[in-house]
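Structural overview
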Amino acid sequence: MKKLFLTSLVSICFFNCFSQDYHVAKKINVAGDGGWDYLAVDAVNQHLFVSHGSEVNVIDLKTDKTIATIPDTKGVHGIAIANDLNKAFITDGKDNAVSIVNLQTFELIEKVAINGQKPDAILYDEFFS
């Protein structure tokens, strides 16, 4: 009986130590149609990229205002920020492509067709040699 009680007590303490409470700190209204998908934060420039439908909204996190819209990203999903290259990479699921965008002007640099179907998540990892 003591062993069962001790095991139960340890289990309760263990799970309570790792439980977290989440709450909404702030809401930002973002215009646009279509389903919402991934978010990406450009911590260097304090911009939030929000993908939905066929565009990406760029929000200035200092003012919570939309400062740019990146169009023609059909079936947009993931966004990867590459500050060292001054580029964002955006997956266009319906185009089977990745859009490469300038992080300062938000203009399209190039749309690269890929062999895969319906690209989704994307990750950029800066490699130091």
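Sequence order as written defines residue numbering, which begins from 1 separately in each chain. It should be noted that, the model being predicted, local features are given only for residues of pLDDT at least 70 and side-chain atom pairs only at 80 or more, the latter also being counted only at that level, while totals for whole chains, interfaces and linings use all residues. By convention in this description, side-chain values take in all heavy atoms of the structure and omit both hydrogens and water.

In this description a helix means any DSSP run of H or I spanning at least four residues, a strand means any run of E spanning at least two, and both kinds are numbered starting from the N terminus. What the chain contains, in helices and strands, is 1 helix and 8 strands. Each helix and strand of the chain, placed in order from N terminus to C terminus, yields the pattern α-β-β-β-β-β-β-β-β. Contacts: residue pairs with any heavy atoms within 4.5 Å of one another. Taking the intrachain contacts of the chain between residues at least 6 apart in sequence as the baseline, contacts between residues at least 24 apart amount to 29%.

Here we take up the sheet that holds strand E5 (residues 76-82). One requirement defines pairing of two strands: DSSP has to find at least two bridges between them. Reading across from one edge, E5-E6-E7-E8 is the order of the 4 strands in this open sheet, with antiparallel pairing throughout. Edge positions in the sheet fall to E5 and strand E8 (108-113), since each has one partner strand and no second. Averaged over all pairs of adjacent strands, the angle between strand axes in this sheet comes to 20 degrees, irrespective of strand direction. The pairing of strand E6 (residues 87-92) with strand E7 (residues 97-102) spans 6 bridges and is classified as antiparallel. If you follow isoleucine 90 over to E7, its bridge partner there is serine 99. Axis lines are fitted through C-alpha atoms, for helices just across the contact stretch, and the angle between N-to-C directions can take any value from 0 to 180 degrees.

The next subject is the confidence of the model for the chain. The quantity known as pLDDT measures the predictor's confidence residue by residue, on a range of 0 to 100. On average, residues of the chain carry a pLDDT of 86, and 84% of them reach 70 or more. pLDDT under 50 marks residues 1-10. Its contacts with residues more than four places away, or in other chains, come to 0 contacts.

Note on definitions: salt bridges are taken to be side-chain nitrogens of Lys or Arg within 4 Å of carboxyl oxygens of Asp or Glu. Taken as a whole and judged by the stated rule, the model has 6 salt bridges. One salt bridge connects lysine 74 with aspartate 72, and the closest N-O pair in it is separated by 2.7 Å. Of the residues examined, lysine 74 reaches a relative accessible area of 38% and is grouped as partly exposed. Each residue is assigned to one of three classes by its accessible area relative to the maximum for its type, calculated with a 1.4 Å probe on protein chains only: buried under 20%, partly exposed between the two thresholds, exposed over 50%. What makes aspartate 72 partly exposed here is its relative accessible area of 39%.

Before going further, it helps to spend a moment on the packing of aromatic side chains. When the centres of two rings from Phe, Tyr and Trp lie within 6.5 Å, Trp using its six-membered ring, the rings pair. Their planes under 30 degrees apart give stacked, over 60 give edge-to-face, and anything left gives tilted. All chains considered together, the criterion is met by 2 aromatic pairs. Ring centres of phenylalanine 89 and tyrosine 124 lie 6.2 Å apart, and the angle between their planes is 20 degrees; on these two criteria the pair is classed as stacked. In this pair, phenylalanine 89 is assigned in strand E6 and tyrosine 124 in the segment after E8, connecting sequence segments 35 residues apart.

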